Amino acid sequence: MRTYLVTGGAGFIGSNYIHYMFKKYGDDIRIINVDVLTYAGNLENLKDVADKPNYTFIKADIRDRAAIEKIFAENDIDRVVHFAAESHVDRSIENPEVFVETNVLGTLVMLNAAKKSWELPEGGFKEGKKFLHVSTDEVYGSLDNDPDAYFYETTPYDPHSPYSASKASSDFLVKAYMDTYKFPANITNCSNNYGPYQFPEKLIPLMINNALSGKKLPVYGDGKNVRDWLYVEDHAKGIDMVQEQGNLFETYNIGGHNEKQNIEIIHIILDTLLELLPESDPRRGNVSEQLITYVTDRKGHDRRYAIAPDKIKAEVGWYPETMFAEGIKKTIAWYLENEDWMANVTSGDYQKYYEDMYKNR
Ligand code: NAD
Ligand code: DAU
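The following refers to the structure shown. (Residues numbered from 1 in each chain as written. Chains lettered and ligands numbered in written order. Predicted model: local features only at pLDDT ≥ 70, side-chain atom pairs only at ≥ 80, totals over all residues. Heavy atoms only, no water.)

Quick look at the layout of surface pockets
Taking a probe equal in size to a water molecule and rolling it over the atoms shows the remaining empty space. Roughly 450 Å³ of internal volume is contained in the second largest pocket. Around the second largest pocket, the lining is made up of 21 residues, and of these Asp90, Arg91, Glu94, Asp356 and Met357 lie nearest the centre. Elements that contribute at least two residues to the lining of the second largest pocket include exactly helix H3 (89-94), helix H4 (97-118) and helix H12 (349-358). The dominant element in the lining of the second largest pocket, judged by the number of residues it contributes, is H12, at five residues. (1 Å grid on protein atoms, 1.4 Å probe; cavity = no way out; pocket = protein on both sides within 12 Å on 5 of 7 lines; lining within 4 Å. Points joined across faces, edges and corners; volume = space filled by probe spheres on them. Helix = DSSP H or I, 4+ residues; strand = E, 2+ residues; numbered from the N terminus.)

Right, here's the structure in full:
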């Protein structure tokens, strides 16, 4: 039975990935989820799998070398899928340090622990071991002026925010380990994900939550920044396909081929909410275009991201399966059905975060 060590599995993409993997492989795999449970980590995301005998949760910090080495020493890990990170650009602008500590130094700890556990005394690594580093298209910078330009795996790195700079640094460390030690790894650089269990600091769940409660919908700048949206389950599938069918040592871009301006996304959310909410639902009365409020732009705001997922399609056979119209409907239906989830994650610290982040906008 193959054993996976998933870092950051209690976050948005990590928890969707764990659900996807159990759906696909059932009891043929074992997953160890290592997560320190920051504000973004939520074990409620995994309550459906918590009791499975082939699932283990370990609360540990990827910056804690001893704790991570112990997990490798006590388990014969075949696959590492490394999601754990500080992931929100706005937070990185306010407080860059933790982004470097977790995203750069934490990744270094993961690489060293896997290398130590997997390397053979005679050189090289144990057969079949693989590390996948989950990264972002933001490392490539911004496609500002040319609407026909795309991010390719060969696009030079040009990160702008402290978040993307920290992810770029971690990518370079993984590349260095592959080049220097022939460490068996892949890197995936993905576009914006959407779907269930996303923390409402990110555009889509934040707008859904605010619209339902009649709060302003804060649009940064002119609302015309473009993101390339990918349904999270398609991303999970892409990660698994890269690890099993991709060529080792390669980077693969994973993107939805689904570019939309932020303001378009907000209109789609409002329309879909009105379509899905029954007339009798009291939240329906709150949903209105009048909530749209243009606010001060994000500092250093990247204008456009767009991935050409040609390489992953050609070499791995992956393509984005979920049309945005279908994915956003499923996503909004999930948030409507999971009011308690939203209430829980927005209680406590979230209110303070929201006030601090949006007070001067
Ligand atoms: P998230 O913020 O929802 O989840 C991050 C998880 O990592 C949380 O469970 C958190 O508790 C955990 N974590 C943070 N610091 C940790 C530490 N020091 N030790 C152990 N666990 C720690 O993030 P996400 O949106 O699910 O993103 C997951 C990964 O995918 C990140 O590496 C991110 O850079 C990358 N990514 C995200 C997107 C996106 O659209 N969300 C797109 C491309 C790439
Ligand atoms: O491209 C991949 C990246 O996508 C990931 O690496 C990051 O982890 C993930 O957070 C995401 O980054 P973005 O900055 O693109 O996502 P965010 O949801 O924060 O913002 C999406 C767009 O919406 C962006 O142009 C900023 C804008 N925005 C965001 C918020 C939270 C608003 O206009 N208003 C808001 O309140």
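Anyway, onward from the coordinates.
Quick notes on the packing of helix H8 (residues 262-276) against helix H10 (residues 324-337)
Two quantities define a packed helix pair, namely the angle between the axes and the distance from one axis to the other. Across the interface, H8 lies against H10 with an axial gap of 10 Å and an inter-helix angle of 60°. What the angle tells us is that H8 and H10 run oblique. When the axes of H8 and H10 are compared, the crossing they make is right-handed. Judged by residue contacts, Ile265, Ile268, Ile269, Thr272, Leu273, Glu275 and Leu276 of H8 engage Phe324, Ile328, Lys329, Ile332, Ala333 and Leu336 from H10. (Axes fitted to C-alpha atoms, helices over the stretch in contact; angles between N-to-C directions. Parallel < 35°, antiparallel > 145°, perpendicular 65-115°, else oblique. Left-handed = near helix turned anticlockwise from the far one by under 90°. Contact = heavy atoms within 4.5 Å.)

Digging into the site of ligand 2
Not every one of the 25 residues close to ligand 2 is listed here, only the nearest: Thr136, Asp137, Tyr163, Arg298 and His301. At a separation of 2.7 Å, an oxygen atom of ligand 2 approaches a polar side-chain atom of Thr136. At 2.8 Å, a backbone N or O of Pro218 approaches a nitrogen atom of ligand 2. Elements with a contribution of two residues or more to the shell around ligand 2: helix H6 (203-212) and strand S8 (217-220). (Near = heavy atom within 4 Å. Polar contact = N/O pair within 3.5 Å; in protein donor to acceptor, adjacent residues only side chain to side chain.)

A closer look at the site of ligand 1
Taken together, 29 residues sit near ligand 1, with Ile13, Asp35, Ser87, Tyr163 and Lys167 positioned nearest. Contact distances for ligand 1 include 2.8 Å between an oxygen atom and a backbone N or O atom of Ile13. One of the side-chain nitrogen or oxygen atoms of Tyr163 is found 2.6 Å away from an oxygen atom of ligand 1. Surface burial for ligand 1 is 97%, taken as the share of its 840 Å² of free accessible area covered by protein chains. Looking at which element gives the most residues to the shell around ligand 1, the answer is strand S5 (residues 130-136), with three residues. Within the shell around ligand 1, the residues separate by chemical class into 14 nonpolar, 11 polar and four charged. (Areas by Shrake-Rupley, 256 points an atom, 1.4 Å probe, with all protein chains shown as cover. Nonpolar A, V, L, I, M, F, W, Y, C, P; charged D, E, K, R; others polar.)

Thoughts on the sheet that holds strand S2 (residues 29-35)
The strand order across the open sheet formed by seven strands is S3-S2-S1-S4-S5-S6-S11, and the pairing between neighbours is parallel. Two strands lie at the open edges of the sheet, namely strand S3 (55-59) and strand S11 (251-254), each paired on one side alone. Strand-to-strand twist in this sheet, taken as the mean axis angle between neighbours without regard to direction, amounts to 20°. Of the pairings in the sheet, the one linking strand S1 (residues 2-7) to strand S4 (residues 79-82) comprises four bridges and is parallel in character. If you follow Leu5 over to S4, its bridge partner there is Val80. Contacting S1, S2, S3 and S4, helix H1 (residues 12-25) runs over the sheet at an angle of about 175° to S2. Of the strands in this sheet, S1, S4, S5, strand S6 (185-190) and S11 touch helix H7 (residues 232-245), which is tilted by about 140° from S5. (Pairing = 2+ DSSP bridges.)

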